[in-house]
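Okay, here's what each chain looks like letter by letter:
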Number of protein chains: 2
Amino acid sequence: MPYNAPISQIAHTLSRIARLDELAATGAFPNFDVELVAPILEEANKLARDVLAPLNPIGHKVGAKLTDAGVIAAPGLSDAYRQFVEGGWMSLAFPEQFGGQGLPKPLALAVFEMIHGANMAFGLCPLLSFGAIEALLAHGSPELQQMYLPKLISGEWTGAMNLTEPQAGSDVGALTTKAVPNGDGSYAITGQKIFITWGDHDMTPNIVQLVLARLPDAPAGSKGISLFVAPKFFVNADGSLGDRNSFKCIGLEHKMGIHASPTCVMEYTNAKGWLIGEANKGLAAMFTMMNSARLNVGLEGVAVGEAALQAGVAYAKDRRQGSISGEKGSVAIIRHPDVQRMLLTMAANVQAARAICYACGSAADIAEHHADEATRKTAKAREDLLTPLAKGWSTDRAIDVTNLGVQIHGGMGFMSETAAAQYYLDARITPIYEGTNGIQAIDLAGRKLSMDGGAAMKAMIAEVRDNARELAGVNEPGFLHLSQSLEQAADALDSATEYMLTEMSTNRDKGLAAATTYLRLAGDVVGGHFLARSAWQARDEADSGKALVLASYFAGDTLSRAQGTARALSEGAEAVFTDAGALWADD
Amino acid sequence: MPYNAPISQIAHTLSRIARLDELAATGAFPNFDVELVAPILEEANKLARDVLAPLNPIGHKVGAKLTDAGVIAAPGLSDAYRQFVEGGWMSLAFPEQFGGQGLPKPLALAVFEMIHGANMAFGLCPLLSFGAIEALLAHGSPELQQMYLPKLISGEWTGAMNLTEPQAGSDVGALTTKAVPNGDGSYAITGQKIFITWGDHDMTPNIVQLVLARLPDAPAGSKGISLFVAPKFFVNADGSLGDRNSFKCIGLEHKMGIHASPTCVMEYTNAKGWLIGEANKGLAAMFTMMNSARLNVGLEGVAVGEAALQAGVAYAKDRRQGSISGEKGSVAIIRHPDVQRMLLTMAANVQAARAICYACGSAADIAEHHADEATRKTAKAREDLLTPLAKGWSTDRAIDVTNLGVQIHGGMGFMSETAAAQYYLDARITPIYEGTNGIQAIDLAGRKLSMDGGAAMKAMIAEVRDNARELAGVNEPGFLHLSQSLEQAADALDSATEYMLTEMSTNRDKGLAAATTYLRLAGDVVGGHFLARSAWQARDEADSGKALVLASYFAGDTLSRAQGTARALSEGAEAVFTDAGALWADD
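If you're wondering where the values come from, they're calculated on a predicted model, not measured in any experiment.

When helices and strands are tallied, chain A shows 18 helices and 11 strands. A compact globule built from 587 residues would reach a C-alpha radius of gyration of about 25 Å, and chain A, at 24 Å, matches this within 12%. For chain A, buried positions account for 62% of its 587 residues. Pairs at least 24 residues apart make up 75% of the contacts formed inside chain A by residues separated by at least 6 positions.

To continue, consider the domain arrangement of chain A. Think of interface size as the accessible area that goes away when the parts come together; that is how it is often given. All names here are of chain A. As assigned here, chain A comprises domain 1 (7-154), domain 2 (158-279) and domain 3 (436-578). Between domain 1 and domain 3, the C-alpha centre-to-centre distance is 31 Å. Opposite the four residues of domain 1 that make contact, domain 3 presents six residues.

Take the relation of the copies chain A and chain B next. When chain A is fitted to chain B, the residual RMSD is 0.0 Å, and the transformation amounts to a turn of 180 degrees plus an axial shift of 0.0 Å. Such a combination of rotation and displacement between the chain copies is what one expects of a two-fold axis. Taking C-alpha positions as the reference, the residue of chain A nearest the rotation axis is Gly564(A), at 2.5 Å. The residues that chain A uses at the interface reappear at the interface of chain B in 100% of cases, marking a shared surface.

In the Ramachandran plot, Phe195(A) falls in the positive-phi region, its phi being about 60 degrees despite a non-glycine side chain. Take Phe195(A): it is sitting in strand E5 (residues 187-197). The phi angle at Arg19(B) is positive, at roughly 50 degrees, despite the residue not being glycine. Note on placement: Arg19(B) falls in the loop between helix H1 (7-16) and helix H2 (20-25).

A few words now on helix H9 (residues 337-369) of chain B. Taking 1.5 Å per residue, 33 residues should reach 48 Å; H9(B) reaches 47 Å between its end C-alpha atoms and fits that length. Among the 33 residues in H9(B), 30 count as buried, and that is most of the element.

With that settled, the discussion passes to the interface of chain A and chain B. At the junction of the two partners, chain A supplies 71 residues and chain B supplies 71 residues. Going through the elements one at a time, helix H10 (337-369), helix H11 (373-408), helix H13 (437-450), helix H16 (508-537), helix H17 (544-557) and helix H18 (562-584) of chain A are the ones with two or more residues in the side of chain A that touches chain B. Counting residues per element, the side of chain A that touches chain B draws most heavily on H18(A), which supplies 15 residues. Residue classes in the side of chain A that touches chain B are distributed as 31 nonpolar, 25 polar and 15 charged.

All names here are of chain B. In this structure, strand E5 (residues 187-197) lies alongside strand E11 (residues 263-276), joined through eight bridges in antiparallel fashion. Its bridge partner being in E11, Ile 196 is matched across the sheet by Cys 264. The pairing of strand E7 (residues 226-231) with E11 spans three bridges and is antiparallel. By the bridge assignment for E11, Phe 228 is matched with Leu 275.

All names here are of chain A. The element E5 is extensively covered by neighbouring structure, given that eight of its 11 residues are classed as buried. Where strand E4 (residues 178-181) lies against E5, four bridges are found, and the strand directions are antiparallel. When the sheet's bridge partners are listed, Val 180 is paired in E5 with Ala 188. Here E4 folds back onto E5, and the loop between the two strands holds five residues, one of which, Gly 183, carries a positive phi near 90 degrees.

Here we come to the packing of H16(A) against H17(A). Residue and element names in this part refer to chain A. Axis separation between H16 and H17 bottoms out at 8 Å; the angle between their running directions is 150 degrees. For the element pair H16 / H17, the angle class is roughly antiparallel. By crossing handedness, the relation of H16 to H17 is classed as left-handed. Each of Gly 528, Leu 531, Ala 532, Ser 534 and Ala 535 in H16 lies in contact with H17, whose residues at this interface are Ala 547, Leu 548, Leu 550, Ala 551, Phe 554 and Ala 555. When the residues that make up the contact of H16 with H17 are grouped by side-chain class, the tally is nine nonpolar, two polar and no charged.

Another point: the environment of Ile225(B). All names here are of chain B. In this fold, Ile 225 is placed in the loop between strand E6 (207-213) and E7. Measuring from C-alpha to C-alpha, the distance between Ile 225 and Lys 281 comes to 6.5 Å, with 56 residues separating the pair along the chain. When residues no more than four places from it in sequence are discounted, the contact partners of Ile 225 are Gly 173, Leu 175, Leu 212, Arg 214, Gly 282 and Leu 283.

Quick look at the packing of helix H6 (residues 105-118) of chain A against helix H9 (residues 282-318) of chain A now. When two helices pack together, their arrangement is given by the angle between the helix axes and by the axis-to-axis distance. Residue and element names in this part refer to chain A. Viewed as axis vectors pointing N to C, H6 and H9 meet at an angle of 55 degrees, and their least axial separation amounts to 8 Å. Judged by the angle between their axes, H6 and H9 are oblique. Note on packing geometry: the crossing formed by H6 with H9 is right-handed. Across the interface between the two elements, Leu 109, Phe 112, Glu 113, His 116 and Gly 117 of H6 pack against Asn 296, Leu 299, Glu 300, Val 302, Ala 303, Val 304, Glu 306 and Ala 307 of H9.

Inspection of the secondary structure assignment puts Ala347(B) in helix H9. Taking the C-alpha atoms as reference points, Ala347(B) and Leu299(B), separated by 48 residues in sequence, lie 15 Å from one another. Beyond its immediate stretch of four places on either side in the chain, Ala347(B) contacts Leu583(A), Leu309(B) and Leu550(B).

Residue and element names in this part refer to chain A. Inspection of the secondary structure assignment puts Ala 18 in the loop between helix H1 (7-16) and helix H2 (20-25). Taking the C-alpha atoms as reference, Ala 18 lies 5.5 Å from Tyr 358; in sequence the two are 340 residues apart. Residues within four places of Ala 18 in sequence aside, it is in contact with Thr 13, Pro 106, Tyr 358, Ala 359, Gly 361 and Ser 362.

What counts and how
Residues numbered from 1 in each chain as written. Chains lettered and ligands numbered in written order. Predicted model: local features only at pLDDT ≥ 70, side-chain atom pairs only at ≥ 80, totals over all residues. Helix = DSSP H or I, 4+ residues; strand = E, 2+ residues; numbered from the N terminus. Rg over C-alpha atoms; globule rule 2.2 N^0.38 Å. Buried ≥ 20, exposed ≤ 12 C-beta atoms within 10 Å, placed from the backbone. Contact = placed C-beta atoms within 7 Å. Domains from an automatic or database assignment. Least-squares fit on C-alpha atoms with pLDDT ≥ 70 in both. Expected span 1.5 Å × (residues − 1). Nonpolar A, V, L, I, M, F, W, Y, C, P; charged D, E, K, R; others polar. Pairing = 2+ DSSP bridges. Axes fitted to C-alpha atoms, helices over the stretch in contact; angles between N-to-C directions. Parallel < 35°, antiparallel > 145°, perpendicular 65-115°, else oblique. Left-handed = near helix turned anticlockwise from the far one by under 90°.

In structure tokens form, the structure reads like this:
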């Protein structure tokens, strides 16, 4: 069952939700023309479907290998990476100043959705390069930018992010890797980093490590960490490669999934690196990397969910079991209502997650490029609000969706070699890395709500209500029902938001206990809003039916639960706050 | 992190929910005395904790192997099985007539919860023997019973269930394996069976296959299948073993989890077997096996969930990340409210599932043994109602619970060698085998509701309301709140039941589209009811706090959603019924 990008769904989401027309109207993308979208999506699908997807099961089975010469990528990936670079796919949304194509971010998201859907383990390599590029763009000196950005943006070199240490995961401030000044402007970095995705491989001649470390006189905790760049091979003045730096991969983790993505233990022994940005301001630079990575991990959730949906539909059309009344013999299981329910749940949730991620990317572009400062500011608040939803909600749904994908396959879904099983196993990392979904929930309930007294969320809710009012304006039962569902869901999110604002400032622990449920509710409502919006904008188009089906099912199956979720949010948090200590205190 | 049975939780569930005292009062268990419970649980825990749990990670890593001589069990399991047999654990709840100990079923459930929790792959071997024993007890001739039951019940031999064929999974009536009379009362069985759990191994001298096959003149479909018994080695008149039968394991599946449980492709080539029960009545005999197996698979869900909870608590107490206000330095993550929420969710759901499974086993005993016929009939209806909840709800919750277990571990949870990862992978099969959870939902919404016009479910709801009234009778805020939650949840289940009864008889496809949500809602309400009941019965005991914490959290986090779930049930089904065809019809 090969992956084949859902081009029409993706194109509709770009036009209806990411509003490429509005991005073009900013004037910030002179190279962009809406006519480009269709051919770009078609070409990207060729890479995804024809090159990357066939390598996915092989990568799952064989994985990356650690040898004396370093990490060897899974079979076929080096050649695939070469084609990826030659196609110019890495550089789509980066500035022309450094060789990028200067196109809108959502277009790059669409392309990378296909890449992740076809081969998530492969897609992680450029995903990490993105983080390195963003950090260098935002915080690097002109010299460092000139040295690294053109090769990273072209894809000739890849980047990796070295944050985690055994005692410093979610709590990155606990890291102990040291960076000592060499006296020549460089630093000697020593320490061990774990869980370093694509930290080493043989696909490119050089790898650029971004490394968080602590200067000798640094304050304790997260206010004392600095970000460094350390290439695998030093770069000479003429751009050629020089000596090998003194760090290496000393181990690969054995993981549930993404076997073709090497997860490295990296050892730095007086490795030479250069400071990015200011000393002790590494946390801010890290968040630059993380924000990019968070949206892209959310996108992985969309992608692997879409792949699971496609595998589920194909299997359900092919597999014959059981009969239905009025027909002789066995039927394809897609005819059974319970299977249809599973497939609809998958399709609606994947599309809702896709809309949230693309909307987040669109807001990021407006925030960066719009001529009007107030518009930029509003868009930045929207991007900040949507980032934890894009990461947290999309990846939680990826677990649900790939789980249903396994279930549709019955016993075959439990077999390691089945694509549905691989999607389930690959997806499991997405709620964990780049900030666990618990961290996303705390980010939403804490930083994102508190920084403006809830203004960004209130603006979002107002938008949902506007949408509901517009949908009620026509006399069509389908849209009228959607409108009512949205109104009630907005009420639920509204009251939950008030609860969160109150508790986070008065009983913070209670607010924190409710944070994950709040993220779930917010994603449900915003996702349902975008689905309804898509259906509304599609109402005069030829394929309007599909958008309305997804919006209606999501309203029926998910928005209908919003009031209950809001109640569970406060009652559940109350119980945690009151009682949790009693359970394990004395063990 | 070794498994250690939650003896006090288990003992409370036996006394408060399974009501061992009421079972004893039937007079059907003359060997049973409540004083036996504590020592039995302690001894079983020694086997689980000290023998089986240490073999679990080894089995996950190494798995079973197929050799020319047949299947070789994972390291250590043969010796563990010997200890299991010597301890008399196999025979607990089987009739004394065939060497059993004649103890109540819930006691055996308690022991097997420990076995599955310590090593689910191992536990599957006796689980399959149970099915064979139940079928022979209910349908076997006296000769076949005498030949096989004593050795199966002692555990000297094991049994396996051969149902599935490539084209016949959920749709067992599609099977094509043939059984041709040999003229001497035996049959020649030819065909291939797949997914045969513990179909071959080297732990016992003989293996007794129960095989579904089709006689030459059998009607098409499920009305033409017959059940046969076929031993690996023939049994001589003196009980000694004779020649090898002509079937063998020709392949092992590569699975996501339960690696130490060999999943065999079995090839039968004129293998000699004997008919169990009447010709063409194999389906009824199969359901005898399946009902036992379904409850036991639900129990696996409880067990692996409990194991994941224990691993989660241990990790959360050990792992230090992040700080909390008012304390210097990092704290154990169990101090963070979001982690407490995850652990409470795991604990409450595991305990609710445990209660449902034990209550089901208790009802089965009453249905079989009570002196009063009307009481037996009511109990049988309760057992029938609870079986799909025990299987479907408990195993769906096992996915949720083991998923949270992985999440608590962060990046470590994604590593293959972590216990949390193994639990997640092992658990994934439980919603699939012995009837997928979609089949369970259809069984509940169809057979179990329709066979008495919903009387069994209405009796269950009435019991929930009685419980709510009793809890409201004391003037304690905790119980008052529980009472209100239960009342509202009972209302939701009541209206959903009316909806299901109507739709299943008028718009069957709509009812079927709602069936899975109905099973979820029913399990939520019944589980919450049992938790509240436990808390109520514990109110004067020393450790009453724990039962009330679990009940209160479950009410706050889950019962609070019941109204929303009931709404999603009908609105979601409406959308599937109306729209699903439109999505994939033209692909």
